[in-house]
Amino acid sequence: MIRVFGASVQGASHIRNGRECQDSLKKVGKDSGAVILSVADGHGSESCPYSKTGSFAAVNVFCKIMGDYLDTYAGQPEMLFTFLKREGDTKIAQEIEAEWKWRILRLHARCKREMPLDGNGNKDREAVYKLYGSTLLGLVITGDFLFAFQLGDGDIVKVTESGVYSVIEADKILGTETHSLSRAEAWKKAITLIRKREENEQLPVMYMLSSDGLSNSYKNDEEFKKTCGDYYVLLKEHGVKAVSCQLKTWLQETSEMGSGDDITALFAYEKE
């Protein structure tokens, strides 16, 4: 059985500046036992004033689209695996971008916000998308395979007794820039991975999706991965309930002592 839990905390610097948390998370469990996890990080800059709404839309889009595919291919895991392997970083990524942008335009109109115009006086949809800019992480875990999706910064890691591994080696952009759902042809920057699960997979196993506020709180990747391993040990020794109860406090302390940014961490923990 896979236990899923997580938390988002407002960054220490955001608390001081009176800015809301720009991160969002969502988890969905299916009757088949499959789980869908998603984390998104709104950019939060002055040019993206509605990025909290953008990140909220992003996690809902990922969970909706992947949930629909799990339903469509129910009882046909091999067919779904083949489809995602072939189309994950093209068709799936295109669907996610298109659905997110459609929802953003609808939300913008529903909130009766001003529609920017381009130099020719036409509606500037690209300018609207930028107001809601967000990254997106997603993970689907079934009994047969693992599917991971990443657009922008953040981390998806796997931890077992053997060590801590990055599920996806994402593009690292220098400075504060990141790939974004708001960009034109954003889908081209999406990175996906699909991998069959081993029949005798080593358990317990922990997966963690986290916004970049977590990894940026550590001086290097080794320190970040050590913390991922520490969470794994805590789960083994104290269980999901104990870790879940303390998670928000730990993340707040990490932000205060580290990046000062919002932090979101979403875990999937499976044991025998």
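Source: prediction; values computed, not measured.

Novice: Explain the overall build of the chain residue by residue, including any values.
Specialist: Scanning the chain from N- to C-terminus turns up 6 helices and 10 strands. Relative to a compact globule of 272 residues, whose C-alpha radius of gyration would be 19 Å, the chain shows 18 Å and is just as compact. Across its three principal axes, the chain shows a C-alpha extent of roughly 60 × 45 × 30 Å. Residue pairs in contact within the chain that sit at least 24 positions apart in sequence constitute 72% of those at least 6 positions apart.

Novice: Account for the sheet that holds strand β7 (residues 163-166), naming residues and giving values.
Specialist: One open sheet holds the 5 strands; their spatial order is β1-β10-β9-β6-β7, and the pairing between them is antiparallel. One side of each edge strand has no neighbouring strand; the edge strands of this open sheet are β1 (2-9) and β7. Strand-to-strand twist in this sheet, taken as the mean axis angle between neighbours without regard to direction, amounts to 20°. Relative to β7, strand β6 (residues 155-160) runs antiparallel, the two sharing 4 bridges. Across the sheet, Val159 pairs through a bridge with Val164, a residue of β7. In this fold helix α6 (residues 221-257) packs onto β1, β6, β7, β9 (205-210) and β10 (263-270), with an angle of close to 15° to the strand it touches most, β1.

Novice: Explain the sheet that holds strand β3 (residues 35-41) to me, and be specific about the residues and the numbers.
Specialist: Strand order in the open sheet made by the 5 strands is β2-β3-β4-β5-β8, with antiparallel pairing throughout. With partners counted over all chains shown, the strands left at the sheet margins are β2 (23-29) and β8 (191-196), one partner each. Direction aside, neighbouring strands of the sheet carry axes that sit 5° apart on average. Contacting β2, β3, β4 (136-141) and β5 (145-151), helix α2 (residues 51-72) crosses the sheet at an angle of about 160° to β3.

Novice: Run through unusual backbone geometry, naming residues and quoting values.
Specialist: Residue Pro204 follows Leu203 across a cis peptide bond; omega there is 0°. Structurally, Pro204 can be placed in the loop between β8 and β9. The backbone of Lys112 sits at a positive phi, close to 55°, despite the residue not being glycine. Locating Lys112 in the fold gives a position in the loop between α3 (77-110) and α4 (125-131).

Novice: Kindly report on the pairing of β5, identifying the contributing residues and their values.
Specialist: In the case of a regular strand, side chains alternate between the two sheet surfaces. A large share of β5 lies buried, amounting to 7 of its 7 residues. Residues Phe145, Phe147, Phe149 and Leu151 of β5 are buried on one face, and the alternating residues Leu146, Ala148 and Gln150, pointing to the opposite face, are buried as well. Taken together, the 6 bridges between β4 and β5 define a ladder with antiparallel strand orientation. Residue pairing across strands places Leu136 opposite Leu151, the latter belonging to β5. Looking at chain direction, β5 and β8 are connected through 6 bridges and run antiparallel.

Novice: Help me get a handle on the packing of aromatic side chains, residues and values and all.
Specialist: Under the counting rule described, the total for this entry stands at 9 aromatic pairs. Where Tyr50 meets Tyr132, the ring centres are 5.2 Å apart and the plane angle is 40°; that geometry is what we call tilted. With Tyr50 in the loop between β3 and α2 and Tyr132 in the loop between α4 and β4, the pair connects residues that are 82 residues apart, well separated along the chain. What makes Tyr50 partly exposed here is its relative accessible area of 25%. Using a relative accessible area of 0% as the deciding quantity, one classes Tyr132 as buried. Seen in terms of ring centroids, Tyr231 and Phe267 are 5.2 Å apart; in terms of plane orientation they differ by 55°. Their pairing is tilted. Here Tyr231, found in helix α6, pairs with Phe267, found in strand β10; they are 36 residues apart in sequence, far enough to count as distant. Taken together, the ring pairs in this structure connect Phe5, Tyr231, Trp250 and Phe267 into an aromatic cluster. The residue whose ring lies beneath Arg113 is Tyr50, and the NZ or CZ to ring-centre distance is 3.6 Å. We note Lys196 situated over the ring of Phe81; from NZ or CZ to the ring centre the distance is 5.0 Å.

Here is what the cut-offs are and how they apply
Residues numbered from 1 in each chain as written. Predicted model: local features only at pLDDT ≥ 70, side-chain atom pairs only at ≥ 80, totals over all residues. Heavy atoms only, no water. Helix = DSSP H or I, 4+ residues; strand = E, 2+ residues; numbered from the N terminus. Rg over C-alpha atoms; globule rule 2.2 N^0.38 Å. Contact = heavy atoms within 4.5 Å. Pairing = 2+ DSSP bridges. Axes fitted to C-alpha atoms, helices over the stretch in contact; angles between N-to-C directions. Buried < 20%, exposed > 50% of the residue type's maximum accessible area, 1.4 Å probe, protein only. Phe/Tyr/Trp six-rings, centres within 6.5 Å; stacked < 30°, edge-to-face > 60°. Lys NZ or Arg CZ within 6 Å of the ring centre and 35° of its normal.

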